[in-house]
Amino acid sequence: MATTARTLWKGAISFGLVHIPVALYTATQENDLDFDWLDKRSMDPVGYKRVNKRTGREIARENIVKGIAYEDGRYVVLSDDEIRAAYPESTQTIEIETFVAADAIPFIYLERPYYLAPLGKGAKVYALLREALFKTGRIGVARVVIQTKQHLAALIPAGPGLVLNLLRWGDEIRSWENLDLPEEGSHAEGISAREMKMAVQLIEDMAGDWDPQQFHDEFKEKILQLVQTKIEADETQAVTSIESMEEARPTADIVDLTELLKRSLDKHKGGTGAGGGHGRGGKSRRSA
């Protein structure tokens, strides 16, 4: 079956001496509402610098409205009040709606984890829920509102703590129906029993406990080592901070302007006796 999905990367899965050529595809998609800025007088798109994308002219804030495109070139405009009314109610509560088997949620749904810790006298109930989840082999599925956005989340016991892992919504997971994948099952693509036995044995031989400390970002480590080496060799340069430059610039402008004004006044007074004195003083300073 031919694939219509866009290939992001081609390479291989490697373990031992085995290499499996693979292609990488996007597995998720963002389905958040995308509010575009529009010039309310002409419905022209407005850039984030409040510039009309058609005319190139800057737009005053009061002339900007928010719209959602429903087809090419057509928008529905929503007021700030309408948008605020649609925000979910923030209850500061993690609402568990059901408990599912710990392995029921595919990894592809996991988006972003947070730690949860008990407050005040909540330690006992916290521990009770954690241990009950461990005992039953289940995790909680909940809804939570964070910064006006509603999230689906999994409440997962992990060691001494509870982790709230935000989940992707179902419509954010792309289907793999259009990918050219082999059929499921141990006999797919003519896999023999001997090949399966050897593959399983290789995996078992390479098996170990998960230890994130044994994996390192080698590029980052090499760059940091290079930086340290250059510091020790005094191969460093001083760079004026942007803040310092911005603070110095107005002062320099004022000094230059003051000097120009003083020179102009001296030149203007050059015809008078007193002015002549100033003029000679100015000449002496220039000679020096």
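Here, every reference points to the structure presented above.
Residues numbered from 1 in each chain as written. Predicted model: local features only at pLDDT ≥ 70, side-chain atom pairs only at ≥ 80, totals over all residues. Heavy atoms only, no water.

## Topic: the overall build of the protein chain
- Along its length, the protein chain carries six helices and 11 strands.
- Split into buried and exposed, the 288 residues of the protein chain put 15% on the buried side.
- Here the protein chain displays about 23500 Å² of accessible surface, and carbon together with sulfur accounts for 56% of that area. (Helix = DSSP H or I, 4+ residues; strand = E, 2+ residues; numbered from the N terminus. Buried < 20%, exposed > 50% of the residue type's maximum accessible area, 1.4 Å probe, protein only. Areas by Shrake-Rupley, 256 points an atom, 1.4 Å probe, with all protein chains shown as cover.)

## Some points on the pairing of strand β10 (residues 149-158)
- Where strand β9 (residues 138-146) and β10 come together, seven bridges link them in antiparallel fashion. Note that in β10 the partner of Val144 across the bridge is His151.
- Where β9 folds back onto β10 in an antiparallel hairpin, the turn is made up of two residues, including Gln147, whose phi is positive at roughly 50°.
- In the sheet, β10 pairs with strand β11 (residues 161-167) via seven bridges, with the strands oriented antiparallel. Bridge assignment links Ala154 to a residue of β11, and that residue is Asn165.
- In sequence, β10 turns back onto β11 through a hairpin of two residues, with Gly159 there showing a positive phi of about 60°. (Pairing = 2+ DSSP bridges.)

## Some points on the sheet that holds strand β6 (residues 74-78)
- Strand order in the open sheet formed by four strands is β4-β3-β5-β6, with antiparallel pairing between adjacent strands. Strand pairing shows two members of the sheet lacking a second neighbour, β4 (44-46) and β6, which therefore form its edges. Averaged over all pairs of adjacent strands, the angle between strand axes in this sheet comes to 55°, irrespective of strand direction.
- Bridging between strand β5 (residues 64-71) and β6 involves five bridges; their strand directions are antiparallel. Residue pairing across strands places Ile68 opposite Val76, the latter belonging to β6. (Axes fitted to C-alpha atoms, helices over the stretch in contact; angles between N-to-C directions.)

## Describing the pattern of salt bridges
- For the structure on display, the rule yields five salt bridges.
- With its nearest N and O atoms 3.1 Å apart, the salt bridge here joins Asp39 to Arg41.
- For Asp39, a relative accessible area of 3% gives the class buried.
- Of the charged contacts, one joins Arg130 and Glu131 as a salt bridge, the two residues approaching to 2.8 Å between their closest N and O atoms.
- Residue classification places Arg130 among the buried positions, given a relative accessible area of 16%. (Salt bridge = Lys/Arg side-chain N within 4 Å of Asp/Glu carboxyl O.)

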